[in-house]
Each structure stands twice: as structure tokens, then as C-alpha cells.
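# Examining the three-dimensional arrangement
Here are the chains, one letter per residue:
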Amino acid sequence: MALKLQWLPFSLDVCRFPVEAELPDSIFKSPWFSICRTEVELSVVCLSQLQLQAPKVESGWVMFKIAGTLDFSLTGVLSGLTSSLAKEGISVLACSTFDTDYVLVKASEQELAHQVLASDGYEWSNAPLPSQAA
């Protein structure tokens, strides 16, 4: 059974803050965000419209998710997706939650990513959205 993928209607930024930075409340009121803190950095993936003032910001990302809930016993899910995209030179950033995985690609490569994954047997529950990032 093929995995179903779904584009989400967000333009995203990937932001890098110093590890000790305090984040603005606007992030936590946003409909989608991901935060990862390590011993050397604080990374935030958030809606571009928030326009965070981070020392480093990489703009122009869009995202799709694996529709439904993934069981923790499943293996190779991200590997399959990222291998398909890597063959076409499409860089990704992955974010995982308890239930599923999200994959970010540059907006300029959204259509190609959609086509590549469809040709590799992945099913889309929606058509690619128009890129919202310039």
C-alpha cells in the first residue's frame, strides 16, 4: 500500500538562534512550528509570515506530510522519500512528530518533488499548491 502525501498551505522559514535565545510568543500561537534545541543551537521552523528576527534565516520552504498516523514499528519511511528526492538533487529538511513525518523542500522545487514522488508510487491527496515563497 502506497503512502499518501499531502501538501500543507504554508510558506516556511528555517531559523537559527543562539542556544540561549528566548523565542517570541508569536511562534507558540502559530498553527505549525517545530523547535529543536541542542547544546550549540536553537533551530525553529515556522511560518514565513512570522518574520522572525533570527541571526540566520533560510526562507522559501514548503512542506508535505505523510497523511495519517505512522506506527513506530514502520521502517524506512523517510529513507524512501528522501532517496527518491535525492536522486533528483532535491534537498530536504525533515521534521517528525509522534504521529507522522513532515518533509520540507524549497518552493522552487515543489513541482519537481511532487512529480518525482508520484512517479515513484507515492499518492498525493492534493495537487501541488502554488509556491508562496519568492
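Refer to the preceding data block for the structure.
The structure reproduced in this document is the subject of the present report.

### Observations concerning the pattern of salt bridges
Here the structure, examined in full by the defined rule, presents 4 salt bridges. Of the charged contacts, one joins Asp-120 and Lys-87 as a salt bridge, the two residues approaching to 4.0 Å between their closest N and O atoms. Of the two residues, Asp-120 is situated in the loop between helix 3 (110-119) and strand 7 (123-124) and Lys-87 in the loop between helix 2 (77-86) and strand 5 (92-96); the sequence distance between them amounts to 33 residues. Judged by its relative accessible area of 36%, Asp-120 is partly exposed. Since its relative accessible area comes to 63%, Lys-87 is described here as exposed.

### What to know about the packing of aromatic side chains
Going through the model one piece at a time under the given rule, you end up with 5 aromatic pairs. On the basis of an interplanar angle of 0° and a centroid distance of 4.9 Å, the ring pair of Trp-7 and Trp-124 is categorised as stacked. Placement of the pair is Trp-7 in strand 1 (residues 4-17) and Trp-124 in strand 7, with a sequence separation of 117 residues. Across this residue pair, the class does not change: Trp-7 and Trp-124 are buried. The rings of Trp-7, Phe-64 and Trp-124 are connected pair by pair, giving a single aromatic cluster.

### Side note on helix 3
Within the sequence span of helix 3, burial applies to Gln-110, Ala-113, His-114, Val-116 and Leu-117. Two residues or fewer past helix 3, Gly-121 is found with a positive phi of approximately 95°.

### Here we look at the nonpolar core
Buried together is how nonpolar side chains tend to be arranged in soluble globular proteins. By size, the foremost hydrophobic cluster in this structure holds 16 residues, and its most contacted members are Leu-5, Trp-7, Phe-64, Leu-81, Leu-85, Val-105 and Leu-117. When residues no more than four places from it in sequence are discounted, the contact partners of Trp-7 are Val-62, Met-63, Phe-64, Val-105, Gln-110, Ala-113, His-114, Trp-124, Asn-126, Ala-127, Pro-128 and Leu-129. Counting residues in each nonpolar core, the second largest holds 11 residues, with Trp-32, Trp-61, Cys-95 and Tyr-102 among its members.

Reading the values: rules and limits
Residues numbered from 1 in each chain as written. Predicted model: local features only at pLDDT ≥ 70, side-chain atom pairs only at ≥ 80, totals over all residues. Heavy atoms only, no water. Salt bridge = Lys/Arg side-chain N within 4 Å of Asp/Glu carboxyl O. Helix = DSSP H or I, 4+ residues; strand = E, 2+ residues; numbered from the N terminus. Buried < 20%, exposed > 50% of the residue type's maximum accessible area, 1.4 Å probe, protein only. Phe/Tyr/Trp six-rings, centres within 6.5 Å; stacked < 30°, edge-to-face > 60°. Core = buried A, V, L, I, M, F, W, Y, C linked by side-chain atoms within 4.5 Å. Contact = heavy atoms within 4.5 Å.

Keep in mind these numbers describe shape, not what the thing actually does.
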